[in-house]
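Read off the chains here:
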Amino acid sequence: AEAASELLPPRAPLNVPSRAYRGGAHLRARVGIVDCHIALVLWARQAGYVLDSARTEFSRNPETLSPATTLAAGEGTYTPDAIFQLSAPDGRRRLLVLELERGGFSGSPDHFRAMMAGRAEVIRTFAVEKALDWPQAHGAARFLFVFAKPEMLATATRHLPEAGAPFWRSVYFKALPDVVSNFAAGWNLADGSVSGLF
């Protein structure tokens, strides 16, 4: 407010809120998505990967009014928070689908749980790969579920539906601070094990 007051004409009223701005849910979600994107870029450079394509749900979409990540999925659509395509040093391509789970101010996993049945169907039917015409030779997409805090991650993954189902092999879980510190390592799997991303 003090810095802004220097830009105002003399005697202009300066109304300063009594409490700091907390930021809306959408803003915090976007910051988290950008943090994941930055972590991916930094890791890719170090590991010799090339980031071929990066699309977030808030990326510019000149074709429609839908979010830039909206894809056809069966009878409907699926809109992840981000989609990344990479090329490995050996030439193999990788497809990553990011879902950021913030859980509101309370850090609740309710949104994750409510959306999981639909997301499971997207994973099970390879809807993302089909929509992007992804070559089978490069393997299935990896779905990255990133939770705002480690506590939320632990709560959300405690009782996963259909825990032994094959589609879970394409799903990776991690807390946002851990993604930022080390993008590729230490991802949690549905069976409770920990794995690298590739």
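Model, not experiment: these values are computed from the prediction.

Enquirer: What is the right way to read the overall build of the protein chain from this model?
Expert: Along the backbone of the protein chain there are 6 helices and 9 strands. For the protein chain, the C-alpha atoms occupy an extent of roughly 65 × 40 × 35 Å along the three principal directions. A total of 198 residues make up the protein chain; the buried ones form 38% of that total. Long-range contacts, defined here as pairs at least 24 residues apart, represent 61% of the contacts in the protein chain between residues at least 6 apart. Side-chain charges of the protein chain comprise 21 positive and 19 negative groups, with the mean position of each set lying 3 Å from the other.

Enquirer: Can you help me understand the pattern of salt bridges in this one?
Expert: Should the charged atoms of two oppositely charged side chains come close, the side chains can pair. Within this structure, the stated rule accounts for 4 salt bridges. One salt bridge connects Glu121 with Arg124, and the closest N-O pair in it is separated by 3.4 Å. With Glu121 and Arg124 both in helix α3 (residues 110-124), this residue pair falls 3 residues apart, about one helical turn. A residue is classified by how much of its surface remains accessible, and Glu121, at 40% relative accessible area, is partly exposed. The partly exposed category is assigned to Arg124, whose relative accessible area is 35%. The partner of Glu162 in a salt bridge is Arg124, with the nearest N and O atoms 3.4 Å apart. With Glu162 in the loop between α5 (150-156) and β7 (171-175) and Arg124 in helix α3, the pair connects residues that are 38 residues apart, well separated along the chain.

Enquirer: It is not clear to me how the layout of surface pockets should be interpreted in this structure. Could you clarify?
Expert: Using a probe with the size of a water molecule, rolled over the atoms, empty space left in the structure can be pinpointed. By volume, the largest pocket is sized at about 530 Å³. Taken together, 24 residues make up the lining of the largest pocket; nearest its centre are His26, Ala29, Asp81, Leu100 and His111. At the level of elements, α2 (25-47), β3 (76-78), β5 (93-101) and α3 are the ones that each hand at least two residues to the lining of the largest pocket. When residues of the lining of the largest pocket are assigned to their parent elements, the largest contribution, 6 residues, is made by α2. Tallied by class, residues from the lining of the largest pocket come to 9 nonpolar, 7 polar and 8 charged. In this structure, the second largest pocket encloses a volume near 160 Å³. Taken together, Phe126, Glu129, Lys130, Asp133, Trp134, Gln136, Gly139 and Ala140 form the lining of the second largest pocket. Residues belonging to the lining of the second largest pocket are distributed by class as follows: 3 nonpolar, 2 polar and 3 charged.

Enquirer: I keep staring at a nonpolar patch on the surface and nothing clicks. Help me out?
Expert: On the surface, Val34, Ile38 and Leu42 cluster together to form a nonpolar patch covering roughly 250 Å² of accessible area. On the secondary structure map, Val34 appears in helix α2.

Enquirer: Explanation requested: the environment of Gly186 in the structure shown.
Expert: With respect to the element layout, Gly186 can be found in the loop between α6 (176-181) and β8 (187-188). On a C-alpha basis, the gap between Gly186 and Arg169 in space is 15 Å, while along the polypeptide they are 17 residues apart. Dropping the residues within four chain positions of it, Gly186 is found in contact with Lys174, Val194 and Ser195.

Each value, and the rule that gives it
Starting afresh in each chain, residues are numbered from 1 along the sequence in its written order. Owing to the predicted nature of the model, reporting of local features is limited to residues with pLDDT of at least 70; listing and counting of side-chain atom pairs is limited to 80 or more, with chain, interface and lining totals taken over all residues. For the side-chain quantities, the full set of heavy atoms in the structure was used; hydrogens and water were omitted. Working definition: helices are DSSP H or I runs of at least four residues, strands are E runs of at least two. Numbering for both runs from the N terminus. A 1.4 Å probe rolled over the protein chains alone gives each residue an accessible area, and that area as a share of the maximum for its type sets the label: buried under 20%, exposed over 50%, partly exposed in between. Here, two residues are considered to be in contact whenever any of their heavy atoms come within 4.5 Å of each other. Charge assignment: positive for Lys and Arg, negative for Asp and Glu; neither His nor the chain ends contribute. Positions of charges follow a simple convention, taking NZ of Lys, CZ of Arg, CG of Asp or CD of Glu. The term salt bridge refers to a pairing of a side-chain nitrogen on Lys or Arg with a carboxyl oxygen on Asp or Glu at a separation within 4 Å. Both cavities and pockets are sets of points on a 1 Å grid over the protein atoms alone; in a cavity a 1.4 Å probe fits but cannot get out, in a pocket the set is open with protein on both sides within 12 Å along at least five of seven lines, and lining residues sit with an atom within 4 Å of a point. Grid points are joined across faces, edges and corners, and a volume is the space filled by probe spheres set on the points. Under the scheme applied here, ten amino acids are nonpolar (Ala, Val, Leu, Ile, Met, Phe, Trp, Tyr, Cys and Pro), four are charged (Asp, Glu, Lys and Arg), and all others, including Gly, are polar. Patch membership requires more than 30% relative accessible area and the absence of a salt bridge. Residues of like charge join within 9 Å; the nonpolar side chains Val, Leu, Ile, Met, Phe, Trp and Tyr join within 5 Å. Exposure was quantified through the Shrake-Rupley algorithm and a 1.4 Å probe, taking into account, for residues, occlusion by the shown protein chains and nothing else.

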